[in-house]
Amino acid sequence: MKILAIIGTPTRQAGYTTQTVDALARSLRARGQVEIESIYLEDMPLARCQGFLTCVKHGEHKCPVGPQMAPILAAMRAADGVIFASPVHCFNVSTLMKNFIDLLVYQMHRPEFFGKKALVVTSAAGAGHKAVLKYLRKTVAIWGFEVVGQLGTHAGLFGAEKYQARLQQATDKVADRFLHALARTRLPEPGIAELINFRVWRSVVKRTAEASPYDWAHWQKSGWLEQDYYYPAKPGFLSNAAAGVVEKIVER
């Protein structure tokens, strides 16, 4: 199995976020034959996103940062699972991780990572874990990933022997969950939140066909304008009906 870790700490291998990922990698390797690759965003020549939405309106191939993003996207597509790791900076992800997410804004309109599993990881000297983990989970789920676990560590306690023992237990638990999920090939049934998100985006795509023709063409080609979800699924009747009501409200 191929696992990719995308790490958004400016301190590279010395950072507590990286040390957290390393601890998780040790637990994963102890449980099976896995290939783990790490990409440090600090080492990638990613220009700052200018927010012009060129990738949304005219296609990601039109973005001037596209060639810089290409090796990261290739690694994400080749991996069975991806770990997204960021330190907590002022109750948010790091600048490196935020810019990476901004450069993939088109994935919120045209998600492609269905069938891929993900973990989200943070490290903080104090508070902020909950907000950052929630943000990372929501973001990569919209890209299509099935988020199957999360892990947050406390930088101030990292060197303590008792804390390392607790960390070992936590990484073992997350590793077991991750590997179990990676062995599962069936796509998850969407819940009400996923259905509503899909219906809202579909409504937006229909109403902005002239302003964002690339989006509309992609949705039409993919069959998403007529389907109940991005991929064949059997959503519950009540959840599907509720999503339909939200879609009609948005359209109105």
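Re the nonpolar core
Thinking step 1. Ranked by size, the top nonpolar core spans 36 residues in total, and within it I6, M76, F84, F100 and W143 carry the most contacts.
Thinking step 2. Among the secondary structure elements, those contributing two or more residues to this core are β1 (2–7), α2 (54–58), α3 (66–78), β3 (81–87), α4 (95–103), β4 (117–124) and α6 (129–142).
Thinking step 3. For this core, the element with the most residues is α3, which contributes 5 residues.
Thinking step 4. Once residues lying within four places of it in the same chain are set aside, the contact partners of F100 are I6, L41, M69, I72, M76, F84 and W143.

Quick look at the sheet that holds β4
Thinking step 1. Read from one edge of the open sheet, 5 strands run β2-β1-β3-β4-β5, paired in parallel fashion. Strands at the two margins of the open sheet, each flanked by one partner only, are β2 (35–40) and β5 (146–154). Sheet twist, expressed as the average angle between the axes of neighbouring strands with direction ignored, equals 15°.
Thinking step 2. Pairing between β3 and β4: 7 bridges, direction parallel. Note that in β4 the partner of I83 across the bridge is L119.
Thinking step 3. Seen against the sheet, α3 touches β1, β2 and β3 and runs at an angle of roughly 145° to β1.
Thinking step 4. Along the sheet, α6 makes contact with β3, β4 and β5, crossing β4 at roughly 155°.

Section: the packing of helix α8 (residues 192–207) against helix α10 (residues 237–251)
Thinking step 1. The contact between α8 and α10 brings their axes to 8 Å, and the two run at 30°. With respect to their mutual orientation, α8 and α10 come out roughly parallel. Where α8 crosses over α10, the handedness of that crossing is right-handed. Here α8 contributes I192, L195, I196, R199, V200, R202, S203, K206 and R207 to the contact with α10, which in turn contributes S239, N240, A242, A243, G244, V246, E247, V250 and E251.
Thinking step 2. In terms of residue class, the contact of α8 with α10 is built from 8 nonpolar, 4 polar and 6 charged.

Basis of the calculations
Residues numbered from 1 in each chain as written. Predicted model: local features only at pLDDT ≥ 70, side-chain atom pairs only at ≥ 80, totals over all residues. Heavy atoms only, no water. Core = buried A, V, L, I, M, F, W, Y, C linked by side-chain atoms within 4.5 Å. Buried < 20%, exposed > 50% of the residue type's maximum accessible area, 1.4 Å probe, protein only. Helix = DSSP H or I, 4+ residues; strand = E, 2+ residues; numbered from the N terminus. Contact = heavy atoms within 4.5 Å. Pairing = 2+ DSSP bridges. Axes fitted to C-alpha atoms, helices over the stretch in contact; angles between N-to-C directions. Parallel < 35°, antiparallel > 145°, perpendicular 65-115°, else oblique. Left-handed = near helix turned anticlockwise from the far one by under 90°. Nonpolar A, V, L, I, M, F, W, Y, C, P; charged D, E, K, R; others polar.

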